[in-house]
Amino acid sequence: MYKILEKQVLSDVIKLMVIEAPHIAQRAKAGQFTIVRIDEQAERIPLTIADYDSKAGTITIIFQEVGQSTMHLGTLNVGDSIASFAGPLGHPTEIENYGTVICMGGGVGIAPIYPITRALKQAGNKVISIIAARSKDLLFWEDKMRAVSDEIHVCTDDGSHGRKGLVTDPLKEILEAKKENIAKVWAIGPAIMMKFVSLTTKPFNVPTIVSLNTIMIDGTGMCGGCRVLLDEGAKFVCVDGPEFDGHKVDWNSLMSRLSYYREEEKMAVEHWKEHKCKLDKEIAAGGK
Amino acid sequence: MAKLEPKERMKIPRQPMPEQDPKIRNANFEEVALGYDEATARKEAERCLQCKKPGCTVGCPVGVRIPEFILAVREGNLPKAVEEMKVKNNLPAICGRVCPQEVQCEGKCILTKKGKSVAIGRLERFVGDYELAHRTCPLTAAPATGKKIAVVGTGPAGLTCAVDLAREGHKVTMFESLHGPGGVLVYGIPEFRLPKKVVFGEIDYAVECLGIQVRNDHVIGRTISLNELLEQYDAVFLGTGAGLPSFMRIPGINLNGVMSANEFLTRVNLMKGYLFPNYSTPVKLGKKVAVVGGGNVAMDSARCSKRMQAVQAKQTGTEPGEVHIIYRRSKEEVPARAEEFHHAIEEGIICDLLTNPVEIIGDETGKVSKIRCIRMELGEPDASGRRKPVPIPGSELEMEMDTVIMALGTSPNPIVFVDADGLERTKHGTAVADVETGRTKKQRVWAGGDVVTGAATVISAMGAGKRAAADMHKFLKGEAPW
Ligand SMILES: Cc1cc2nc3c(=O)[nH]c(=O)nc-3n(C[C@H](O)[C@H](O)[C@H](O)COP(=O)(O)OP(=O)(O)OC[C@H]3O[C@@H](n4cnc5c(N)ncnc54)[C@H](O)[C@@H]3O)c2cc1C
Ligand SMILES: Cc1cc2nc3c(=O)[nH]c(=O)nc-3n(C[C@H](O)[C@H](O)[C@H](O)COP(=O)(O)OP(=O)(O)OC[C@H]3O[C@@H](n4cnc5c(N)ncnc54)[C@H](O)[C@@H]3O)c2cc1C
Ligand code: SF4
Ligand code: SF4
Ligand code: FES
């Protein structure tokens, strides 16, 4: 069992947890992820290492409540434990001094882009960050990102904070301005965002690294459920990735695979809400 | 029973195994074979001729003392039967259920030629279940030696090795990448063939009696590497199995609805997907399922599919649908245990033999809709001695399918070899290790089971774990330096 040491509510649907996991913290690096299983009945879900403290033996995760597992996780509190926590999985980001780089985070993708941005900055790169969310209340860590960036652009879809527009707008302007050579772009966020970032950088021939969020089970190469089609054939995201060259990814196949379990996901949420409702009532009744 | 003459013994028919009715069992996940009761077991034991040079023992990969344990069963001395069994085999309740007996012990039984072999596997299961219920043969550890051992992987190879070393008084820690121990016994072989309470019963017992530590969620090569383990432990055993699935190189394998047998079986068995939504891992299965392959893995996938279809049909009030096995050779070459193939047919699974997929075709949403196959015929024997299947030109056919499960064999997962310099591997990705001792090319590292042989059997993995444990113990005592 792995104890939750800290919990922060970053927005209505985005939560942060610091979890006691010395076995993962010892070796964790930017770009890697974990597999979380809440309890005996739960599924295994992948969550990125948003931060780590090897001395304290802790791992920070940030998640958006999109379905049954993440909603359930969101109800846990400091002092509660999760049943399984494996990692660090996947290859770490290749950190070097490339020159000038752009780091982009969309929505909950701001969490995983942060440690990468920080490491790139520490390695001596000039870092331009672009972060975005649907609206102001979904945006978090602007201050943390600012602290590790030389230049930062903030957008919201609805214009409630920063600039109104998509992440690709400032990206395109920077690339078109050609003020300096952009050595590499990192983009993490919803598949659709990563797809359009890749399409935007392609004509400029700027290498673009994306972190793919396929459906996973084991996270160790055993099931093949996370496979993705690249120009050179199928790869397993959990062991060959999670980072890939965005220009080589078959985005349509990826997005179609992400939506394959939609009916079951809906059913799971309904079932869980019913179950939780019943539990809450029982607790309330017991409390009287 | 009075003492019988061999002739009379040979007149006793092989005692049938009580089983769930095929039409009922193909809709539930409960065990198919129900096990002998004591009277039936003793009657079956009467059939054994107590050969002076027993072929059965030669056929068993670990040389179980078969006539000795059967004699004890015949005499009704079950604690003695357990004791005889455990000299060579720690896990009879498991092996009795899953060994391919027809090509091992029973295949070499003298009665095979004269009719039907003694049902050694069924008797072994009976003895194993007796031990699980009564624990007449307690596990005890020798005084502590102060040596520390890491066992990587908790399948049959790792478990056997850990138990034998812990009994010698060494301090054993097992590392497992998944959230619980057992390896294929838990994530691969389904509940209806090997109930998980049997596997967990054995593991919990060993852990409690011998103080073995199990560290789940530790992926060696990621969480901690082999080289780092060697800094902390006196010796390391690798029993990481062959868990990496292969996909056919044909168009359409990335369509929705195509999955590896590992993914499907993991969802169903390890994650208990058949209890969705009470358990959160969904299993998506259509009304027309094709399982490609002919081994145990294919049979298990097909039989689980049949059951999942029944569960889902009940939930939705529809008809269950059909399951096909597509295999490129003929019935004679099917590599699965004979009993599993027989059970699959009984349960209503359709076999398309001498057939090989060439393409999987999708609909406009990216989901499987058809599978294109070609018929095969058997040509000249190949290197393995089996007749090689060759495609019949112009014999292509299409079958409507909405799910395709690839059960094509597996190879060792390479993650464990990260930061493990000097550990030699073959071109198939298996670790190079001495057959007798399990020693690899890297000092203080032993290996055994599927990671060395490629996908094989439970009993061969256990045998390898046992041999390695014996050599590791000698090494740790200083009797067999590296
Ligand atoms: C390597 C990796 C790292 C990840 N890191 C993070 C992270 O740091 N924070 C975070 O919030 N999420 C992360 N994800 C995504 C996260 O795993 C999913 O959001 C989670 O599995 C959803 O589970 P659920 O039961 O709550 O939702 P489900 O009920 O399974 O899904 C609900 C909805 O979310 C969508 N969805 C399902 N799976 C994913 C997915 N894998 N990615 C995106 N959307 C999905 C579906 O389309 C569905 O409509 C990561 C995924 C991967 C592969
Ligand atoms: C579906 C199926 C049905 C089968 N049916 C039969 C049958 O009826 N009869 C029979 O005799 N055999 C059968 N087999 C084969 C048999 O199960 C295997 O040969 C046997 O389990 C091999 O044992 P093992 O200990 O070598 O490896 P495994 O059982 O594969 O165990 C390896 C363990 O190591 C863990 N591991 C892997 N990598 C790492 C790592 N890097 N770090 C930590 N842990 C790791 C794995 O998670 C796993 O738990 C079947 C196999 C399958 C898949
Ligand atoms: S271990 Fe397997 S092969 Fe050996 S006697 Fe038992 S059932 Fe037969
Ligand atoms: S070969 Fe058959 S009959 Fe002879 S001892 Fe073995 S089981 Fe008994
Ligand atoms: S998640 Fe199973 S192979 Fe990647």
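Residues numbered from 1 in each chain as written. Chains lettered and ligands numbered in written order. Predicted model: local features only at pLDDT ≥ 70, side-chain atom pairs only at ≥ 80, totals over all residues. Heavy atoms only, no water.

A. Quick peek at the site of ligand 1. Residue and element names in this part refer to chain A. Taken together, 22 residues sit near ligand 1, with P46, T48, I62, Q64 and T70 positioned nearest. The contact in question runs from an oxygen atom of ligand 1 to an N or O atom on the backbone of Q64, over 2.8 Å. Separating a nitrogen atom of ligand 1 from a backbone N or O atom of N213 is a distance of 2.9 Å. Considered on its own, ligand 1 offers 850 Å² of accessible surface; in the complex 85% of this is hidden by protein. The dominant element in the shell around ligand 1, judged by the number of residues it contributes, is strand β4 (residues 45–48), at 4 residues. Its residues assigned to classes, the shell around ligand 1 comprises 11 nonpolar, 8 polar and 3 charged. (Near = heavy atom within 4 Å. Polar contact = N/O pair within 3.5 Å; in protein donor to acceptor, adjacent residues only side chain to side chain. Areas by Shrake-Rupley, 256 points an atom, 1.4 Å probe, with all protein chains shown as cover. Helix = DSSP H or I, 4+ residues; strand = E, 2+ residues; numbered from the N terminus. Nonpolar A, V, L, I, M, F, W, Y, C, P; charged D, E, K, R; others polar.)

B. Representation of helix α18 (residues 458–477) of chain B in the model. Taking 1.5 Å of rise per residue, the 20 residues of α18 of chain B would be expected to cover 28 Å, and the 29 Å separating its terminal C-alpha atoms lies within 8% of that figure. G478 of chain B occupies a position one or two residues after α18 of chain B and carries a positive phi of about 85 degrees. (Expected span 1.5 Å × (residues − 1).)

C. Region of the structure containing the domain arrangement of chain B. Residue and element names in this part refer to chain B. Annotation of chain B at the domain level lists domain 1 (6–134), domain 2 (148–243 + 411–476) and domain 3 (247–406). Inter-centroid distance (C-alpha atoms) of domain 1 to domain 2 is 28 Å. Counting from both sides, the interface comprises 20 residues of domain 1 and, opposite them, 21 residues of domain 2. In total, domain 1 and domain 2 occlude about 1,900 Å² of area from one another, counting both sides; carbon and sulfur atoms represent 72% of this. Our count for the contact surface shared by domain 1 and domain 2 stands at 0 salt bridges. Run the count over domain 1 and domain 2 and you get 3 residue pairs in polar contact (both at pLDDT 80 or more). By residue number, the principal contributor to the side of domain 1 that touches domain 2 is helix α7 (residues 92–98), which donates 5 residues. Residue composition of the side of domain 1 that touches domain 2, grouped by class: 13 nonpolar, 3 polar and 4 charged. (Domains from an automatic or database assignment. Contact = heavy atoms within 4.5 Å. Buried area = accessible area lost by both parts, 1.4 Å probe. Salt bridge = Lys/Arg side-chain N within 4 Å of Asp/Glu carboxyl O.)

D. The sheet that holds strand β1 (residues 2–9) of chain A, seen in detail. All names here are of chain A. Sheet architecture is open: 5 strands sit in the order β5-β6-β2-β1-β7, paired in antiparallel fashion. Because the sheet does not close on itself, it has two edges, and the strands there are β5 (51–53) and β7 (81–82). Bridge count for strand β2 (residues 14–20) against strand β6 (residues 58–64) is 7 bridges, and the pairing is antiparallel. Pairing of I14 across the sheet is with Q64, part of β6. The sheet contacts of helix α2 (residues 68–75) involve β1, β2, β6 and β7, and relative to β6 the element is tilted by about 125 degrees. (Pairing = 2+ DSSP bridges. Axes fitted to C-alpha atoms, helices over the stretch in contact; angles between N-to-C directions.)

E. Examining the pairing of strand β7 (residues 288–292) of chain B more closely. Residue and element names in this part refer to chain B. Counting buried positions along β7 yields 4 of 5 residues, so the element is predominantly enclosed. Summarising the sheet, β7 and strand β8 (residues 322–326) pair through 5 bridges and their orientation is parallel. Bridge assignment links K288 to a residue of β8, and that residue is E322. Handedness of the crossover joining β7 and β8 through helix α15 (residues 296–316) is recorded here as right-handed. Pairing of β7 with strand β14 (residues 403–406) involves 4 bridges; the strand directions are parallel. (Buried < 20%, exposed > 50% of the residue type's maximum accessible area, 1.4 Å probe, protein only. Right-handed = clockwise from strand over helix to strand, strands pointing away.)

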